[in-house]
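Tertiary structure, described
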Amino acid sequence: MKNVSVVGAGTMGNGIAHVFAQSGFTVTLIDVNAAQLEKAIQIITKNLDRQIAKGTLTETQKQSALANINTQTDIAAGVQNAELVIEAATENVDLKLKIFKQVDEAAPASTILASNTSSISITKIAAVTKRPQLVIGMHFMNPVPVMKLVEIINGYATAKEVTAAIVDLSKQLGKVPCVVNDFPGFIANKILMPMINEAIYSLYEGIAGVEAIDTIMKLGMAHPMGPLQLADFIGLDVCHSILNVLYEGFGNPKYAPCPLLVNMVVAGKFGVKSGEGFYTYTAGSKDLLVSERFR
C-alpha cells in the first residue's frame, strides 16, 4: 500500500497528509476549495520547518515529503488510483455519507475506505457503500504529526484482514494503534466528552471559575491541559456535535450538552478557531487569558 488519498484539507486532513508523505507514501490531498488546499500545503511546510528546527528532520527529508503530496479538487479524479482513502471532513454525518458515496463509486473495488470521524458510526457510514467489509475508522489525534494514538474502529462488517492491514499501516507511520468497536464516541470521546461537559457544568453552576477548574485538573490529575482549554482547542462546536451523537446514540441524559456550551456555540464562540471560547486567543500571542465573559 503506497498510494493514499485524503479527503478534506483542514486541520486533520493536512496533518494526516503530512505524516503519510513524511513516511514515504504518495498522497493525494483532496478538497473542493482550491484556496484551502493551498493553505494546507503552507501549513504542512511550516510544520516540517518546525521539525527541522528541532533537529528531527533534514531539509532533504522535508523536500521529499512535500514532493510526495499532490492536490486535487475533484474527488473522483483524486481517488482513482488510491489503495486507501481517508475521509477527514467536518464532523457532519450528512457530509460524510455524501463523500463516502462519491468515493465508493470512483475508487477501485479493492480500495480500503477509512473515516477520521471521532464519533459517527462506522457501520452507518459503511452502509452507504457497496464495500462495507472494506470500511473502517481511523481516528487520528490532533495535532496529527505529534500525537501517537490512532483509534481504529471496526464497523459491523469490517473484515479482520482490513483491521490487521490498518493496524500494520499505523505502525509504519510511527503511531500506536488501538482497536475498538463501533459504539457512539468509541472510547476516546465516550470518556473525554462527559468530562469536558462536566467541567462546563461546574462553570455554569458557579462551583468554580475557568482558571480554577483547569488548574485543579492539571495539577491534581496530571492532565497536560485543563478540560476547558482542551474544549477550546478541539472546538466548542465539535464538542457540542460529539455530545449530541452520544446523547442520541445512547439515549442517556448524562450526555446532553450543557446549556452554557449550547449558548456559546449559538453565539459563534468556538474557542481557538473563532478567537474566543472560555479563553481569548490573539494571533502571535501565547498568553492564556480568560474570556471577559467569565472573569
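Residues numbered from 1 in each chain as written. Predicted model: local features only at pLDDT ≥ 70, side-chain atom pairs only at ≥ 80, totals over all residues. Heavy atoms only, no water.

Overview of the UniProt feature "site: Important for catalytic activity" (unreviewed entry) in the protein chain
Operational definition: UniProt positions are given in the numbering used here, feature names are shortened, and annotations may be inferred rather than shown by experiment. The helix and strand labels rest on DSSP assignments: H or I over at least four residues marks a helix, E over at least two residues marks a strand, and numbering proceeds from the N terminus. For every residue, the accessible area obtained with a 1.4 Å probe (protein chains only) is divided by the maximum for its type, and the residue is called buried under 20%, exposed over 50%, and partly exposed between those limits. By definition, residues are in contact when any of their heavy atoms lie within 4.5 Å.
The positions UniProt marks with the feature "site: Important for catalytic activity" (unreviewed entry) are H139. Structurally, H139 can be placed in strand β6 (residues 135–140). Under the relative-accessibility criterion, H139 is labelled buried at 7%. Beyond its immediate sequence surroundings of up to four residues, H139 is in contact with S115, N116, T117, S118, L149, V150, E151, I153, A188 and N189.

Thoughts on the sheet that holds strand β7 (residues 149–154)
Condition: What makes two strands pair is DSSP finding at least two bridges between them. Axis definition: a line fitted to C-alpha atoms, over the contacting stretch in the case of helices. Angles run 0 to 180 degrees between N-to-C directions.
Spatially, eight strands are ordered β3-β2-β1-β4-β5-β6-β7-β8 in an open sheet, and the strand pairing comes out mixed. Of all the strands in the sheet, just β3 (69–72) and β8 (176–181) have a single pairing partner and so form its edges. This sheet shows a mean twist of 25° between the axes of neighbouring strands, independent of strand direction. Across five bridges, strand β1 (residues 3–7) lies against strand β2 (residues 26–30) in parallel orientation. Considered in β2, the bridge of V6 is made with L29.

Looking at the pattern of salt bridges
Proximity of charged atoms lets side chains of opposite charge pair with each other. Here is the rule: Counted as salt bridges are all cases of a side-chain nitrogen of Lys or Arg within 4 Å of a carboxyl oxygen of Asp or Glu.
Within this structure, the stated rule accounts for eight salt bridges. The partner of K96 in a salt bridge is E87, and the shortest N-O contact between them spans 2.4 Å. Residue K96 is classed as buried on the basis of its relative accessible area, which comes to 0%. Residue class for E87 comes out buried when judged on its relative accessible area of 1%. For K269, the salt bridge identified is with E276, shortest N-O distance 3.3 Å. Taking relative accessible area as the criterion, K269 reaches 32% and is therefore assigned partly exposed. Within this structure, E87, E91 and K96 form a network of salt bridges that share partners.

A short note on the environment of G13
Along the polypeptide, G13 turns up in helix α1 (residues 11–22). Sequence separation between G13 and T71 is 58 residues, and the spatial gap between their C-alpha atoms is 12 Å. Setting aside chain neighbours within four positions, we find G13 in contact with V6, G8, L29 and A88.

A closer look at the environment of F250
Inspection of the secondary structure puts F250 in helix α11 (residues 236–250). Here F250 falls in the partly exposed class, since its relative accessible area comes to 34%. With residues up to four places along the chain from it excluded, the contact list for F250 reads F183, P184, K190 and Y255.

Quick notes on the domain arrangement of the protein chain
Note the following rule: Residue ranges for the domains trace back to a domain assignment, done automatically or taken from a database. Two parts lose some accessible area (1.4 Å probe) when they are put together, and adding that loss for both gives the buried area. Within 3.5 Å is the distance limit for a polar contact, defined as a pair of N or O atoms, with the added protein rule that one can donate a hydrogen and the other accept it, and that residues adjacent in sequence qualify only through two side-chain atoms.
The domains assigned to the protein chain are domain 1 (3–181) and domain 2 (187–294). Just the C-alpha atoms count here: the centres of domain 1 and domain 2 sit 27 Å apart. Domain 1 puts eight residues into the contact, and the matching count from domain 2 is seven residues. Here domain 1 meets domain 2 over a buried area of about 610 Å², counting both sides, of which 62% is carbon and sulfur. In this assembly, domain 1 and domain 2 are joined by zero salt bridges. Seen at the junction of domain 1 and domain 2, the total is three residue pairs in polar contact (both at pLDDT 80 or more).

Structural notes on the UniProt feature "binding site: NAD(+)" (unreviewed entry) in the protein chain
UniProt marks G8, A9, G10, T11, M12, G13, D31, E91, K96, S118, N142 and K273 with the feature "binding site: NAD(+)" (unreviewed entry), using the numbering shown here. Within the secondary structure, G8 is located in the loop between β1 and α1. Among all residues touching G8, those that are not within four sequence positions of it are G13, N14, L29, I30, D31 and A88.

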